[in-house]
Amino acid sequence: MSTEALDDEASRLDAADPLRDRRDLFVGAEGPLVYFDGNSLGRPPRATAERLASFVRDEWGGRLIRGWDEAWMDLPFAIGDTIGRAAIGAAPGQTIVGDSTTVLLYKLLRAAFDAQRAADPARVEIVVDRDNFPTDRYLVEGIAAERGGRVRWIDVDLRAGVDAPALAAAVGPETAVVLLSHVAYRSGYLTDAASLTRIAHDAGALIVWDLCHSAGSVPVEADAWEFDIAVGCTYKYLNGGPGSPAFAYVAEHHHATLAQPVQGWMGAADVFAMGPEYRPAAGMRRFLSGTPPVLGMLAMQDTLAMIEDAGIQAIREKSVALTDFALRCADELLAPLGVEVASPRDAALRGGHVTLSHPAMREATARLWEQDVIPDYRDPEGLRIGVSPLSTSFAEVLAGLRAVEAVVAGLAS
Ligand SMILES: *Cc1c(COP(=O)(O)O)cnc(C)c1O
């Protein structure tokens, strides 16, 4: 295929894309900058600028302390339910927005570990893979040390992820909890979350899913797949802005048995009773700790509305088309330079990003950023191409991979 054929292909794919108009809803999309990092920090929706300004003017400025009773106290639950409906297949009353991903994972993983061990003292192991995101691995090590548990590591191929045989070999009568990422942050490997959940349950374990790289780009069915617990970011595919708070899902039948360790007044049964001792609230409130980060919860609402409007299935179809096209461009333009694909080629095993591997990628990333082409770099030698489905065009994918070609060719010569 000649390289002009790639231009024709990109134009044809953009013209046929039912979501092509969504890109104009994002700040900066009109410019020439190529953005391949919406999987780390999504672009801001245009509507968010007005939402933030009107919040300061009318709600914070106008309602002042009354705002808490009128609306803000309910936001962790209201936006949580929207995330449940729009992105993760959760019926109402099981999802909240709260602390960072790291803190919510800590609270819920520890709660799950304690509940399991209380029910069966033999269950002392937490299972996690060696290529899980650093925060996940560090939390598991910390909780095991703090609670007298053990870590059971799963070794994985860095270009793939945890599959059913690998999990089945790691779980057993000593497993308390399993912690896995639905989409691997490095390779983009998409696990079969329904099957892996079943494997954990068959061994008597609970499973905690990290949805950071899937929420908003890959369909999730938390209820249908019988998840126990899930936590995910909102500043990636949900475009909540830098440091926006994470969400947590806890299946309803676990609410009464899980006790989280950061007992704060916002998780108490009667918040304003200010009673002498902590009694956890019923339902999801017990997993809150302190005052909700209201400003941080504003922006994500604009993308959640877009996701509900477009439908997560249509978003996934575009995501697959974008990563397929990125791989076609990589094969055509970059393979001759020795660049390898470090992600699954089978779209059914791939989330919303692909990683391209070459010894020059660390240096290439710095050069690309200088020319407003923005992927990111992950060891070893990996250039991550994140193609956020609502805000990325096929022409943008091609322009970006042509820039990668020029930079890698220059560094290699
Ligand atoms: C981005 C990401 C996180 C980030 O956690 P924070 O507490 O928001 O810093 C955690 N896990 C995975 C898999 C991620 O991709």
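Before going into details, it helps to say that this report is about the structure given with it. (Residues numbered from 1 in each chain as written. Predicted model: local features only at pLDDT ≥ 70, side-chain atom pairs only at ≥ 80, totals over all residues. Heavy atoms only, no water.)

### As for empty space enclosed by the protein
Then, in step 1: Going through the model one piece at a time under the given rule, you end up with 2 cavities of 30 Å³ or more.
Then, in step 2: Here the largest cavity is characterised by a volume of approximately 100 Å³.
Then, in step 3: Forming the walls of the largest cavity are 14 residues, and the residues nearest its centre are Asp 129, Gly 161, Val 162, Ser 181 and Ala 184.
Then, in step 4: Split by residue class, the lining of the largest cavity holds 8 nonpolar, 4 polar and 2 charged.
Then, in step 5: Put simply, the second largest cavity is a space of about 30 Å³.
Then, in step 6: Lining the second largest cavity are Gly 216, Tyr 237, Asn 239, Ile 315, Ser 388, Pro 389 and Leu 390.
Then, in step 7: Across the lining of the second largest cavity, the residue classes break down as 4 nonpolar, 3 polar and no charged. (1 Å grid on protein atoms, 1.4 Å probe; cavity = no way out; pocket = protein on both sides within 12 Å on 5 of 7 lines; lining within 4 Å. Points joined across faces, edges and corners; volume = space filled by probe spheres on them. Nonpolar A, V, L, I, M, F, W, Y, C, P; charged D, E, K, R; others polar.)

### Some thoughts on the site of the ligand
Then, in step 1: In the vicinity of the ligand, 13 residues are found, and the nearest of them are Thr 102, Asp 210, His 213, Tyr 235 and Lys 236.
Then, in step 2: A distance of 3.5 Å is found between an oxygen atom of the ligand and a backbone nitrogen or oxygen belonging to Thr 101.
Then, in step 3: In isolation the ligand offers 390 Å² of accessible surface; the protein chains occlude 86% of this area.
Then, in step 4: When contributions to the shell around the ligand are tallied by element, the ones reaching two or more residues are helix H5 (101–119) and helix H6 (134–147).
Then, in step 5: Residue classes in the shell around the ligand are distributed as 4 nonpolar, 6 polar and 3 charged. (Near = heavy atom within 4 Å. Polar contact = N/O pair within 3.5 Å; in protein donor to acceptor, adjacent residues only side chain to side chain. Areas by Shrake-Rupley, 256 points an atom, 1.4 Å probe, with all protein chains shown as cover. Helix = DSSP H or I, 4+ residues; strand = E, 2+ residues; numbered from the N terminus.)

### Description of the pairing of strand E8 (residues 247–250)
Then, in step 1: A two-sided burial pattern is seen for E8, the buried positions comprising Phe 247 and Tyr 249 on one face and Ala 248 and Val 250 on the other.
Then, in step 2: Across 4 bridges, strand E7 (residues 229–232) lies against E8 in antiparallel orientation. Note on E8: the bridge partner recorded for Ile 229 is Val 250. (Buried < 20%, exposed > 50% of the residue type's maximum accessible area, 1.4 Å probe, protein only. Pairing = 2+ DSSP bridges.)

### Quick word on the pairing of strand E13 (residues 382–386)
Then, in step 1: Counting buried residues along E13, 5 of its 5 residues qualify, which places the element largely inside the surrounding structure.
Then, in step 2: Because side chains alternate across E13, one face comprises the buried residues Gly 382, Arg 384 and Gly 386, and the other comprises Leu 383 and Ile 385, equally buried.
Then, in step 3: Where strand E10 (residues 353–357) and E13 come together, 5 bridges link them in antiparallel fashion. Bridge assignment links Ser 357 to a residue of E13, and that residue is Gly 382.
Then, in step 4: Inspection of the sheet shows strand E12 (residues 376–378) paired to E13 by 3 bridges, in the antiparallel sense. Bridged to Asp 376 within E13 is Arg 384.
Then, in step 5: Joining the antiparallel neighbours E12 and E13 is a turn of 3 residues, in which Glu 381 adopts a positive phi near 65 degrees.

### So, a nonpolar patch on the surface
Then, in step 1: A surface patch of nonpolar side chains, amounting to about 530 Å² of accessible area, comprises Val 56, Trp 60, Leu 64, Ile 65 and Leu 295.
Then, in step 2: Mapped onto the elements of the fold, Leu 295 is located in the loop between E8 and helix H9 (300–310). (Patch = residues over 30% accessible without salt bridge, like charges linked within 9 Å, V, L, I, M, F, W, Y side chains within 5 Å. Salt bridge = Lys/Arg side-chain N within 4 Å of Asp/Glu carboxyl O.)

### Quick notes on the sheet that holds E8
Then, in step 1: Pairing in this open sheet of 7 strands is mixed, and the strands run E2-E8-E7-E6-E5-E3-E4 from one edge to the other. Taken across any chain shown, the strands that pair with only one partner, and hence form the sheet edges, are strand E2 (95–97) and strand E4 (150–154). Across the sheet, the mean angle separating the axes of adjacent strands is 20 degrees when strand polarity is ignored.
Then, in step 2: Here 5 bridges tie strand E3 (residues 125–129) to E4, and the two strands are oriented parallel to one another. Residue pairing in the sheet places Asp 129 in a bridge with Ile 154 of E4. (Axes fitted to C-alpha atoms, helices over the stretch in contact; angles between N-to-C directions.)

### Things to note about unusual backbone geometry
Then, in step 1: Residue Pro 380 follows Asp 379 across a cis peptide bond; omega there is -10 degrees.
Then, in step 2: For Pro 380, the location among the structural elements is in the loop between E12 and E13.
Then, in step 3: Of note in the backbone geometry, Leu 64 takes a positive phi value of approximately 50 degrees without being a glycine.
Then, in step 4: Considering the arrangement of structural elements, one finds Leu 64 in the loop between helix H2 (46–63) and helix H3 (66–70).
Then, in step 5: Even without being glycine, Glu 381 reaches a positive phi, approximately 65 degrees.
Then, in step 6: Locating Glu 381 in the fold gives a position in the loop between E12 and E13.

### Regarding helix H8 (residues 193–202)
Note on helix geometry: an α-helix contains 3.6 residues per turn, so any two residues three or four positions apart are oriented the same way.
Then, in step 1: Most of H8 is tucked away: 7 of the 10 residues are buried.
Then, in step 2: All buried positions along H8 are accounted for by Ala 193, Ala 194, Ser 195, Leu 196, Thr 197, Ile 199 and Ala 200.
Then, in step 3: If you follow the buried residues of H8, they end up packed against helix H7 (164–170), strand E5 (175–181) and strand E6 (206–210).
Then, in step 4: Gly 204 sits one or two residues past H8 and shows a positive phi near 85 degrees. (Contact = heavy atoms within 4.5 Å.)

### Quick word on the packing of aromatic side chains
Two numbers describe a pair of aromatic rings. These are the distance of the centres and the angle of the planes.
Then, in step 1: What the rule picks out here adds up to 7 aromatic pairs.
Then, in step 2: Between the aromatic rings of Trp 209 and Phe 227, the centroid separation amounts to 5.6 Å while the plane-to-plane angle is 25 degrees, which identifies the pairing as stacked. Of this pair, Trp 209 sits in strand E6 while Phe 227 is found in the loop between E6 and E7, placing the two residues 18 residues apart along the sequence.
Then, in step 3: On the basis of relative accessibility, which here comes to 0%, the residue Trp 209 falls in the buried class. (Phe/Tyr/Trp six-rings, centres within 6.5 Å; stacked < 30°, edge-to-face > 60°.)

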